[in-house]
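# Descriptive structure summary
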Amino acid sequence: LARASHGAVTSILVGLIGAGISIIIGATLGAFAGYFGGKLDDFIVWLYTTIDTIPYILLLSAFAFLLGSGLQTMCIAIGVTSWVGLCRLMRAEFLKHRDREYVQTATALGASHMRKLFIHILPNTFHIILINFSLTFVGAVKSEVILSYLGLGVEPGKPSWGMMIDDAKQELARGVWWNLTAATLFMFFLVLSFNLFNDSLREALDPKRKR
């Protein structure tokens, strides 16, 4: 129980930091692509399309292998490989908003591109960022467990649900089942709670429900 509780701290840290890095990369690139268009848009679309063609778990494992094991490197690996979905959504939203009347009014008043990007348009897409953050958090927790199970996650000896599940392979033969059960139950309830949080957040921020 103590080991599973400490493993929860590791998973939450990886989820928050990894999802945060992913949100920053995806929102920034998507905003620039959708607002400026042109060659910058073509390059960013080519970049995330290329990354999206690679199976996610293989790409994540390759980054984790190159960067080495450790909590910080795992957060970086998750962050730089999980931004594609948000980038695509943000690009579409900025394409939709950049020609609307409030943006044209800001242009007429002399607002700079950065002000229109981050002061006027970004707040109108913030609900997408919040929902995507909660989804990315759940994915990051699962990725941390998988990487630690494969030996590419946290350092040996550090608390992790993935390492508990890996250790349970040999312990099950001796009838020691509680390591596997504790890690599985903790992960189940953490993922379930964030999925429920995501559903509530989507309902609260859905513009159609406010009409």
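Residues numbered from 1 in each chain as written. Predicted model: local features only at pLDDT ≥ 70, side-chain atom pairs only at ≥ 80, totals over all residues. Heavy atoms only, no water.

### A word on the overall build of the protein chain
Counting its secondary structure elements, the protein chain contains 10 helices and zero strands. If you list the helices and strands of the protein chain from N to C, you get α-α-α-α-α-α-α-α-α-α. Principal-axis analysis of the C-alpha atoms places the extent of the protein chain at approximately 75 × 40 × 25 Å. By residue count, 41% of the 211 residues in the protein chain fall in the buried class. If you take every contact in the protein chain between residues at least 6 apart in sequence, the share linking residues at least 24 apart comes to 74%. Entry remark: accessible area of the protein chain is about 11500 Å², with carbon and sulfur atoms responsible for 67%. Treating the 18 positive side-chain charges of the protein chain as one cloud and the 14 negative ones as another, the clouds have centres 5 Å apart. (Helix = DSSP H or I, 4+ residues; strand = E, 2+ residues; numbered from the N terminus. Buried < 20%, exposed > 50% of the residue type's maximum accessible area, 1.4 Å probe, protein only. Contact = heavy atoms within 4.5 Å. Areas by Shrake-Rupley, 256 points an atom, 1.4 Å probe, with all protein chains shown as cover. Lys, Arg positive; Asp, Glu negative; His and termini not counted. Charge placed at Lys NZ, Arg CZ, Asp CG, Glu CD.)

### Digging into the packing of helix α2 (residues 38-52) against helix α5 (residues 84-97)
Where α2 contacts α5, the axes come no closer than 10 Å and their chain directions differ by 145°. Along this stretch, α2 crosses α5, giving a crossing that reads as left-handed. Along its contact with α2, which presents D41, I44, V45, Y48, I51 and D52, the element α5 presents V84, C87, R88 and R91. In the contact of α2 with α5, the residues fall into six nonpolar, no polar and four charged. (Axes fitted to C-alpha atoms, helices over the stretch in contact; angles between N-to-C directions. Left-handed = near helix turned anticlockwise from the far one by under 90°. Nonpolar A, V, L, I, M, F, W, Y, C, P; charged D, E, K, R; others polar.)

### Brief notes about helix α8 (residues 126-150)
The terminal C-alpha atoms of α8, which comprises 25 residues, lie 35 Å apart, in line with the 36 Å expected from a rise of 1.5 Å per residue. Of the residues trailing α8, G151 is marked for its positive phi of about 85°. (Expected span 1.5 Å × (residues − 1).)

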